[in-house]
Structures are given as C-alpha cells and as structure tokens.
Amino acid sequence: MEINKFERYWLIAVGLTLGAFIAATIVAVTVFGIRLPSPVERVNPQRLDQTIFASPGVRKIADNRYEAVIVAKSWAFNAGPEAGSPPVLRFPRRSQVTFYVTSQDVMHGFQIEGHTINLELVPGQVARATVNFNRPGEYNIICNHYCGAGHHVMYGTIIVE
Ligand code: CUA
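Presented here is an overview of the structure given in this document. (Residues numbered from 1 in each chain as written. Predicted model: local features only at pLDDT ≥ 70, side-chain atom pairs only at ≥ 80, totals over all residues. Heavy atoms only, no water.)

**Quick look at the sheet that holds strand S5 (residues 88–91)**
Point 1. Read across the sheet, five strands follow the order S5-S11-S10-S7-S8 without closing on themselves; strand pairing throughout is mixed. This sheet does not close on itself; its edge strands, each paired only once, are S5 and strand S8 (118–121). In this sheet, neighbouring strand axes are inclined to one another by 20° on average, regardless of whether the strands run parallel or antiparallel.
Point 2. In this sheet, S8 lies alongside strand S7 (residues 108–112) in antiparallel orientation, the contact comprising four bridges. Residue pairing across strands places His108 opposite Leu121, the latter belonging to S8. (Pairing = 2+ DSSP bridges. Helix = DSSP H or I, 4+ residues; strand = E, 2+ residues; numbered from the N terminus. Axes fitted to C-alpha atoms, helices over the stretch in contact; angles between N-to-C directions.)

**Details of the packing of aromatic side chains**
Point 1. What the rule picks out here adds up to six aromatic pairs.
Point 2. Relative to Phe110, the ring of Phe77 lies with its centre 5.6 Å away and its plane at 90°, an arrangement referred to as edge-to-face. One end of the pair, Phe77, is in strand S4 (residues 76–78); the other, Phe110, is in strand S7, and 33 residues separate them in sequence.
Point 3. The class of Phe77 is buried, set by a relative accessible area of 2%.
Point 4. Phe110 gets classed as buried once you look at its relative accessible area, which sits at 0%.
Point 5. A connected cluster of aromatic rings, assembled from ring pairs, spans Tyr66, Phe77, Phe91, Phe99, Phe110 and Phe133. (Phe/Tyr/Trp six-rings, centres within 6.5 Å; stacked < 30°, edge-to-face > 60°. Buried < 20%, exposed > 50% of the residue type's maximum accessible area, 1.4 Å probe, protein only.)

**Focus on the side chain of His115**
Point 1. Topologically, His115 is positioned in the loop between S7 and S8.
Point 2. Of the residues examined, His115 reaches a relative accessible area of 12% and is grouped as buried.
Point 3. When sequence neighbours within four positions are dropped, the list of residues in contact with His115 reads Val131, Asn132, Phe133, Arg135 and Tyr139. (Contact = heavy atoms within 4.5 Å.)

**Topic: the side chain of Ser95**
Point 1. Its location among the elements puts Ser95 in strand S6 (residues 95–103).
Point 2. A relative accessible area of 0% means that Ser95 is categorised as buried.
Point 3. A distance of 2.6 Å separates the side chain of Ser95 from the backbone oxygen of Pro92, its partner in a polar contact.
Point 4. If we ignore the near neighbours within four places in the chain, the residues touching Ser95 are Asn64, Tyr66, Val131, Asn132 and Phe133. (Polar contact = N/O pair within 3.5 Å; in protein donor to acceptor, adjacent residues only side chain to side chain.)

**Considerations on the nonpolar core**
Point 1. In terms of nonpolar packing, the biggest core is built from 28 residues, with Ile70, Phe77, Phe99, Phe110, Ile112, Phe133 and Ile158 touching the most fellow members.
Point 2. Elements supplying a minimum of two residues to this core: strand S3 (65–73), S5, S6, S7, S8, strand S9 (125–133), strand S10 (137–142) and strand S11 (155–160).
Point 3. The residues touching Phe110, leaving out its near neighbours within four places in the chain, are Ile70, Phe77, Phe99, Val101, Ile117, Asn118, Leu119, Leu121, Ile141, Ile142 and Asn144.
Point 4. In this structure, Val43, Val69, Tyr100 and Val126 belong to the second largest nonpolar core, which totals seven residues. (Core = buried A, V, L, I, M, F, W, Y, C linked by side-chain atoms within 4.5 Å.)

Structural data, given as structure tokens:
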C-alpha cells in the first residue's frame, strides 16, 4: 500500500504528539506526584452538626497559620458568628490559611479574588485548600457556581492587614 509522502509526515507528527502527551502524563504522575483531586472527606449534609462544620469559624493553629471552617448554604457563606453575614474574615499579612468548606444544600462555588483557590462545593464532600495571603488588601469570596435566585448575593470578604 502506497502512503502519500505528506500523509506519512502527518502520521509521524500525530504519533510524536501522542507520545509526548503520554510521556508528560507519566512524568506528571511519577516525578511530580500530580493526582486527580479527590474529596478530603465525606460528610452527611443533613448531619453537619456532628462534624467540624457544627461550629464554623476561624481558628489560629500556629504563628501566621489559620484554619477556616465555612459552610455554604443558599445563599450565604457561614464562617461563624464573629465573621458576620456576609462574612468578613481578617488575616494578618503573610498568613497561611487552610479552608475547609462544604455545602449544606446544593452545589456552590468558593473562589477568592486574586488568589489561586477555586473550589467546587458538592454537598456531602469536604473541600480543602491552603492559601497564602501575602498582599494586604480586600478580596471577595465569590460563589462562582450558579445556585439559584440568590446566587449574586452569595459572597464574603477577606481583609489582609
Ligand atoms: Cu452559591 Cu452561587
């Protein structure tokens, strides 16, 4: 069977590209340890009172290290009574905060403006992410997953001092 010269070039190009993708996947898994995100923990959204989400809020765990437990529910983020509603969370500059967030009802989003955190809040799953706050300023927490009539009023604020 005769293969046209250009067709052969294209086949070689496709083969090399596929080989590069497979090699990149193998290197990502073996060298960099990259894995698909998986839920940190599962919770019963009707029984959050028996989990860490029973008392949302911010806890200091070490110098410049904090833990923030937040519950999303149509259409607000609950970060404890001290934070208010919509919540305002204050952290000193150069603090590292680990967020534990879950949803009590439908799917919500949890994104912090200007930082690399964008969580999908699936009822029954705990989402966790650690963020470094190095630049002073005011950053919005945004629900970026359409969740119904009050989606646009579902937000909070982080103030880095
Ligand atoms: Cu919650 Cu959109």
